[in-house]
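Each chain, written out:
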Amino acid sequence: MERQLDRSWPGAVWLDADVDTVEEQLALDEALLEEAHEGLTTTAVVRTWMAREPVVVVGSSSCLDAEVDLAACRAAGVRIVRRPSGGLTVLLGPGCLMWSVVEPCPDGAPPIDALHARMLDPLCAALSRVAAVPGGVTRRGSSDLVVRAADGDRKVSGNALRVRRHGVLYHGTLLDDFDLDLVGRVLRHPPREPDYRGQRPHGAFLANLRLGVAALEAAVRAAFAPACNRTAWPRERVARLVAERYAAPAWTARL
């Protein structure tokens, strides 16, 4: 039977990992999920990171040609990688803070709707306390965070998850000072969209929070209240996953 998680985060750990590439960052998320699933960790691990250059990251089941303008990526020198979680393709880079939570679920993972609420509700509350926008930051669609605008709600965060029997990976974006024009150049209009998007192109649908990285990271910390910091990370697992998947062209181009 699936288990409903409570809303507290006792003993959560904040991870500061000296990881360089986007491929290693994605592998680290999956390595932490492996550890949680195998029962090697007993508390949630929370972290943030930012890509040093623009990189397209497609969902685990995304079709490259349907979601990515491959010619535009080549022209702009934007690499393409594939992540372990579902959802649609995103563009990362400077000005887009990534956040991740990996949580052990020894009694089994809860329903997806409960996971979205558990992860996103505290983050919305924390962001709303620092975002000077009417109505604060709210949830729309299945897992978007938005701010109110005259032309409709604009997306400031997209999120995805991967669920294993005894562990959950939940991660996503926080747009702060990002090149939104580049998104429209390298990504196609998504093959599916939430109703509130209303067919708007990327440039009219996305928005930057403009809070600064320090404020965003503080909001993530406030949302999940880590009790301590950690610097150790599973280097051997990450190296294996990079070699097997994230640096392997066949993994990225498989769909």
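These lines cover the structure that appears in this document, whether it is placed above or below.

Criteria and thresholds
Residues numbered from 1 in each chain as written. Predicted model: local features only at pLDDT ≥ 70, side-chain atom pairs only at ≥ 80, totals over all residues. Heavy atoms only, no water. Buried < 20%, exposed > 50% of the residue type's maximum accessible area, 1.4 Å probe, protein only. Helix = DSSP H or I, 4+ residues; strand = E, 2+ residues; numbered from the N terminus. Pairing = 2+ DSSP bridges. Salt bridge = Lys/Arg side-chain N within 4 Å of Asp/Glu carboxyl O. Axes fitted to C-alpha atoms, helices over the stretch in contact; angles between N-to-C directions.

1. Notes on the pairing of strand β2 (residues 45–49)
Burial within β2 is extensive, with 5 of its 5 residues counted as buried. Relative to β2, strand β1 (residues 13–15) runs parallel, the two sharing 2 bridges. Bridging across to β2, W14 finds its partner in V46.

2. Quick word on the pattern of salt bridges
Inspection of every chain in the model, using the stated rule, returns 20 salt bridges. E23 is the partner of R79 in a salt bridge, and the nearest nitrogen-oxygen pair spans 2.3 Å. Of the two residues, R79 is situated in strand β4 (residues 79–82) and E23 in helix α1 (residues 22–37); the sequence distance between them amounts to 56 residues. On the basis of relative accessible area, R79 is assigned to the partly exposed category, the value being 31%. Take E23: its relative accessible area is 12%, and that puts it in the buried class. A salt bridge links D177 to R210; its shortest N-O distance comes to 2.8 Å. Linking D177 in the loop between β10 (167–175) and α5 (180–186) with R210 in the loop between α6 (202–205) and α7 (213–224), this pair joins segments that are 33 residues apart in sequence. Judged by relative accessible area, D177 falls into the partly exposed class, the value being 49%. Within this structure, E34, E35, E38, R237, R240 and E244 form a network of salt bridges that share partners.

3. So, the sheet that holds strand β11 (residues 228–230)
Two pairing modes exist for strands in a sheet, parallel and antiparallel, and in both the strands are linked by backbone hydrogen bonds. Sheet architecture is open: 8 strands sit in the order β7-β8-β9-β10-β6-β2-β1-β11, paired in mixed fashion. Of all strands in the sheet, those bounded by a partner on one side alone are β7 (138–140) and β11. The sheet shows a mean angle of 25° between the axes of neighbouring strands, taken without regard to direction. In terms of strand pairing, strand β9 (residues 154–164) meets β10 through 6 bridges, oriented antiparallel.

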